[in-house]
Amino acid sequence: MSRALKQESLIFMRENFKTYVAFSKVEFLRYLGFRLSNIAGLFTNIFFLMFRAAAFKALFVNAALIGGYPLEYILSYTVLSQVLLMVIPQWGSVGVAEDIRTGQIASDLLKPVNYYFMILSKRIGVCLFYLLMRGLPVLIVGTLLGLFRCQPDFFHVTVGIISVFLSIVIANSLHFLVEAAAFWLESHQGPKRLLSVSLYFFSGAFIPVALFPPWAKEVSSLLPFQYTLNTTVNILLGSSESLQLLGLQVMWFLIMIFLCLICLNRGIKKVTLHGG
Amino acid sequence: MQIFKLYLSLVKLHMKAQTSYRKSYCIEIFAYFLQMGLHICGIFFIFYHVKTLAGWSLWEVLYLYGITSTAFSVAQLVGEKFEDLYIYIKSGQFDQLLTRPVSPLIQVAALSFRVERVGSLIQSIGVLCLACVKTKVYITMAGLGLITTSVVSMFVIYYALFLASGAFSFWTLDSNEIFNAFTYGGIEVSKYPLSIYQEWMQALFIYVIPIGVAGYLPAIEIYKKPSELMVWTPEVLYALPIALGFLGLTLAYWHFSIRHYQSTGS
């Protein structure tokens with residue numbers, strides 16, 4: 001059943017590629033409208049960057065290496081994690097739960113596109129907006145403050161960009177899955193909070209995964225969360241295992257798409273049961 | 001008394017609405033529990049690599065964290081919804097709040113009440129007590145007084161920040177994310193000794209937003225640490241008056257903003 005489902009979705013994807021790009025574009029443009037709000041967020045991002053950087057600097061006062069990493073690495077990591085914080089969403093809604101609650105999903109399902117891919121392409125538009133309007137300024141400020149001291153080569157930037165895309169899909173799919181819980185639980189608030197908390201901590205946005213003690217690293221490597229922000233940042237900072245890391249991301253990328261499609265398929269049946 | 005009764009009945013109604021999705025709600029309580037746990041884990045992870053941070057031991061830092069998160073949890077219980085006030089303003093629901101014969105401050109307080117936050121509060125108090133025991137802060141009247149002043153002043157400041165964030169949204173709608181730099185940023189700063197930050201950050205968190213006066217200065221007094229701040233600092237004794245002064249300013253800002261509020265309707 002699932003193979004047929006996948007094939008069907010792939011055909012959908014090819015035929016409707018233009019439509020999906022249009023979804024992304026519209027969302028991108030919609031977000032462009034909230035200029036003041038973005039500036040406020042930018043300000044907060046930069047403040048957090050400076051607070052975190054100061055705390056990590058204090059950590060390195062008596063040691064050259066911590067957890068096997070020098071201060072420069074941790075500072076560059078902190079800059080990139082603030083750059084990608086909004087690009088690879090840790091919290092916030094992807095709109096599924098709202099669609100289910102309001103019944104909007106009924107009309108969305110009538111559209112000749114796959115609902116999951118529609119949400120995903122909308123979110124990609126949003127994430128691109130954050131990459132340009134939030135990430136880039138944070139990167140520039142981080143560099144000007146002398147916190148970002150890494151000169152990545154062509155190879156790592158290329159692999160890094162692919163990795164950013166994979167992370168965006170993995171993170172948004174996690175949000176999709178959890179919000180789709182609203183099909184069954186009628187509220188998504190609990191699962192959503194659980195996801196945000198875990199994602200923020202285990203993706204390295206709070207503390208670099210490199211600074212976790214060994215046992216916590218092991219736990220983290222079994223969960224999907226670190227294969228978003230943490231992996232992408234490590235690749236961009238020139239990890240020697242970039243290709244293996246990318247491979248792991250591709251694995252989670254496929255798992256997430258598969259799970260989301262199955263979940264949608266089951267959920268739709270549930271919606272029909274609700275009626276009207 | 002009348003106000004308190006109203007507050008209680010509002011909270012009761014609000015809780016009924018929250019708990020109507022039971023499964024999701026249970027997961028949410030667990031999520032908040034995990035959130036606090038992971039935050040504390042973060043501090044443990046830092047101290048896995050070093051013995052002291054700027055001369056402060058693990059449990060002394062956890063004391064700072066305990067003070068901060070106890071005060072912040074209480075502030076969230078009565079003021080978190082100020083952050084979402086723009087949603088009420090946008091949809092026109094805020095007018096509803098204004099037409100009722102209860103101060104909007106009380107209504108927001110009732111809306112902010114969440115049982116899972118009570119869980120975080122208990123966790124925070126637990127961390128604070130454990131830190132006090134581990135660092136052998138023997139409970140003297142003076143020590144107890146300092147700890148209480150510290151928590152109360154910090155609560156007042158965080159509540160004032162939530163209030164200011166709400167007042168700000170009257171003017172800009174959803175740009176009040178800027179206050180996250182001071183509320184959640186404030187937690188980041190006040191869970192570590194203030195002396196590790198640059199001079200301008202120390203000045204910011206002492207003179208502009210007096211979180212440092214409420215948390216760090218009493219802690220120096222308690223642990224008899226040398227004050228390594230690069231800025232001139234007021235006495236510990238002033239923590240509460242300064243916090244109340246800060247609240248007074250933000251209240252004035254709130255009243256000023258609400259007077260200029262012109263609904264969404266046309």
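Residues numbered from 1 in each chain as written. Chains lettered and ligands numbered in written order. Predicted model: local features only at pLDDT ≥ 70, side-chain atom pairs only at ≥ 80, totals over all residues. Heavy atoms only, no water.

Caption draft 1: Quick peek at a nonpolar patch on the surface. On the surface, Leu132, Met133, Leu136, Ile140 and Leu144 of chain A cluster together to form a nonpolar patch covering roughly 490 Å² of accessible area. Checked against the element boundaries, Leu136 of chain A lands in helix 7 (residues 115-144). (Patch = residues over 30% accessible without salt bridge, like charges linked within 9 Å, V, L, I, M, F, W, Y side chains within 5 Å. Areas by Shrake-Rupley, 256 points an atom, 1.4 Å probe, with all protein chains shown as cover. Salt bridge = Lys/Arg side-chain N within 4 Å of Asp/Glu carboxyl O. Helix = DSSP H or I, 4+ residues; strand = E, 2+ residues; numbered from the N terminus.)

Caption draft 2: The arrangement of helix 11 (residues 211-223) of chain B in detail. Residues and elements named next belong to chain B. For helix 11, built from 13 residues, the straight-helix expectation of 18 Å at 1.5 Å per residue is met to within 8% by its first-to-last C-alpha distance of 18 Å. Buried residues dominate helix 11, accounting for twelve of its 13 residues. All of the buried residues along helix 11 are Ile211, Gly212, Val213, Ala214, Gly215, Tyr216, Leu217, Pro218, Ala219, Ile220, Ile222 and Tyr223. Taken from the residues just after helix 11, Lys224 is the one with a positive phi, measuring 50 degrees. (Expected span 1.5 Å × (residues − 1). Buried < 20%, exposed > 50% of the residue type's maximum accessible area, 1.4 Å probe, protein only.)

Caption draft 3: Expanded view of empty space enclosed by the protein. Scanning all chains against the criterion turns up three cavities of 30 Å³ or more. Here the largest cavity defines a volume of roughly 100 Å³. Around the largest cavity sit Arg52, Ala55, Phe56, Phe206 and Ile207 of chain A together with Gly42, Ile43, Ile46, Glu188, Lys191 and Tyr192 of chain B, which together line it. Broken down by secondary-structure element, the contributors of at least two residues to the lining of the largest cavity are helix 3 (35-59) of chain A together with helix 2 (22-49) of chain B. Taken together, the residues of the lining of the largest cavity break down into seven nonpolar, one polar and three charged. (1 Å grid on protein atoms, 1.4 Å probe; cavity = no way out; pocket = protein on both sides within 12 Å on 5 of 7 lines; lining within 4 Å. Points joined across faces, edges and corners; volume = space filled by probe spheres on them. Nonpolar A, V, L, I, M, F, W, Y, C, P; charged D, E, K, R; others polar.)

Caption draft 4: Seen up close, the interface of chain A and chain B. The interface of chain A with chain B comprises 41 residues on the first partner and 42 residues on the second. Both sides of the chain A and chain B interface together cover about 3,600 Å² of buried area, and 76% of this is carbon and sulfur. Linking chain A with chain B are two salt bridges. Between Arg52 of chain A and Glu188 of chain B there is a salt bridge, with its nearest N and O atoms 3.0 Å apart. Applying the counting rule to chain A against chain B returns seven residue pairs in polar contact (both at pLDDT 80 or more). (Contact = heavy atoms within 4.5 Å. Buried area = accessible area lost by both parts, 1.4 Å probe. Polar contact = N/O pair within 3.5 Å; in protein donor to acceptor, adjacent residues only side chain to side chain.)

Caption draft 5: How the structure looks around the pattern of salt bridges. Enumeration over the complete set of coordinates arrives at 13 salt bridges over all chains. Across the salt bridge formed by Glu98 of chain A and Arg101 of chain A, the nearest N and O atoms sit 3.3 Å from each other. With Glu98 of chain A and Arg101 of chain A both in helix 5 (residues 96-102) and three residues apart, this pair spans about one turn of that helix. Here Arg101 of chain A falls in the exposed class, since its relative accessible area comes to 61%. The partner of Lys191 of chain B in a salt bridge is Glu188 of chain B, with the nearest N and O atoms 3.8 Å apart. Classification of Glu188 of chain B by relative accessible area gives buried; the value is 9%.

Caption draft 6: Structural view of the confidence of the model for chain B. On average, chain B scores 90 in pLDDT, and the residues at 70 or more come to 99%. Of the two predicted TM-score estimates for the complex, the pTM is 0.91 and the ipTM is 0.91. (pLDDT = per-residue confidence, 0-100.)

Caption draft 7: Geometry of the packing of helix 3 (residues 58-79) of chain B against helix 11 of chain B. All names here are of chain B. Here helix 3 crosses helix 11 at 140 degrees, and the two axes come no closer than 10 Å. Here helix 11 runs oblique to helix 3, going by the angle between their axes. Between helix 3 and helix 11 the crossing geometry is right-handed. Contacts between helix 3 and helix 11 involve Glu60, Tyr63 and Leu64 on the former and, on the latter, Gly215, Tyr216, Ala219, Ile222 and Tyr223. In terms of residue class, the contact of helix 3 with helix 11 is built from six nonpolar, one polar and one charged. (Axes fitted to C-alpha atoms, helices over the stretch in contact; angles between N-to-C directions. Parallel < 35°, antiparallel > 145°, perpendicular 65-115°, else oblique. Left-handed = near helix turned anticlockwise from the far one by under 90°.)

Caption draft 8: Local environment of the environment of Ile105 of chain A. Residue and element names in this part refer to chain A. Tracing the chain through its elements places Ile105 in helix 6 (residues 104-110). In this structure the C-alpha to C-alpha distance between Ile105 and Ile268, which are 163 residues apart in sequence, comes to 9.3 Å. For Ile105, the residues in contact, after removing those within four places along its chain, are Asp99, Ile100, Tyr115 and Phe183.

Caption draft 9: Spatial organisation of the side chain of Gln226 of chain A. Along the chain, the position of Gln226 of chain A falls in the loop between helix 11 (214-222) and helix 12 (229-236). Ignoring any residue separated from it by four or fewer positions in sequence, one finds Gln226 of chain A in contact with Phe202, Ser203, Val209, Lys217, Ser220, Ser221 and Thr231 of chain A.

Caption draft 10: Broad picture of the side chain of Ser24 of chain A. All names here are of chain A. Within the secondary structure, Ser24 is located in helix 2 (residues 17-32). The exposure class assigned to Ser24 is buried, which follows from its relative accessible area of 15%. If sequence neighbours within four positions are ignored, Ser24 has contacts with Ser121, Ile124 and Gly125.

Caption draft 11: Structural context of the nonpolar core. Within the largest apolar cluster, 177 residues are counted, with the highest numbers of intra-cluster contacts made by Tyr116 of chain A together with Tyr63 of chain B. Here this core takes 15 residues from helix 8 (residues 141-172) of chain B, the largest share from any one element. Ignoring anything within four residues of it in the chain, the contact list for Tyr63 of chain B reads Leu128, Ala131, Cys132, Ile147, Ala219, Ile222 and Tyr223 of chain B. By size, the runner-up hydrophobic cluster in this structure holds seven residues, among which are Tyr7, Ala109, Ala110 and Leu121 of chain B. (Core = buried A, V, L, I, M, F, W, Y, C linked by side-chain atoms within 4.5 Å.)

Caption draft 12: Highlighting the packing of helix 8 (residues 154-179) of chain A against helix 12 of chain A. Residue and element names in this part refer to chain A. The interhelical angle for the contact between helix 8 and helix 12, taken along N-to-C directions, is 170 degrees, at an axis separation of 8 Å. In terms of orientation, helix 8 lies roughly antiparallel with respect to helix 12. Of the residues in helix 12, those touching helix 8 at His156, Val157, Val159, Gly160, Ser163, Val164 and Ser167 are Leu229, Thr231, Thr232, Ile235 and Leu236. Partitioned by chemical class, the residues of the contact of helix 8 with helix 12 number six nonpolar, six polar and no charged.

Caption draft 13: Spotlight on the packing of aromatic side chains. For the structure on display, the rule yields 49 aromatic pairs over all chains. Measuring from ring centre to ring centre gives 5.3 Å for Phe170 of chain B and Tyr261 of chain B, while their planes differ by 55 degrees; the resulting arrangement is tilted. With Phe170 of chain B in helix 8 and Tyr261 of chain B in the segment after helix 12 (239-259), this residue pair connects regions lying 91 residues apart in the sequence. In terms of burial, Phe170 of chain B and Tyr261 of chain B fall into one category: buried. Each residue in the set Phe43, Phe47, Phe48 and Phe51 of chain A together with Phe168, Phe179, Phe182, Tyr197, Trp200 and Phe205 of chain B is aromatic and connected to the rest through ring pairs, giving one cluster. (Phe/Tyr/Trp six-rings, centres within 6.5 Å; stacked < 30°, edge-to-face > 60°.)

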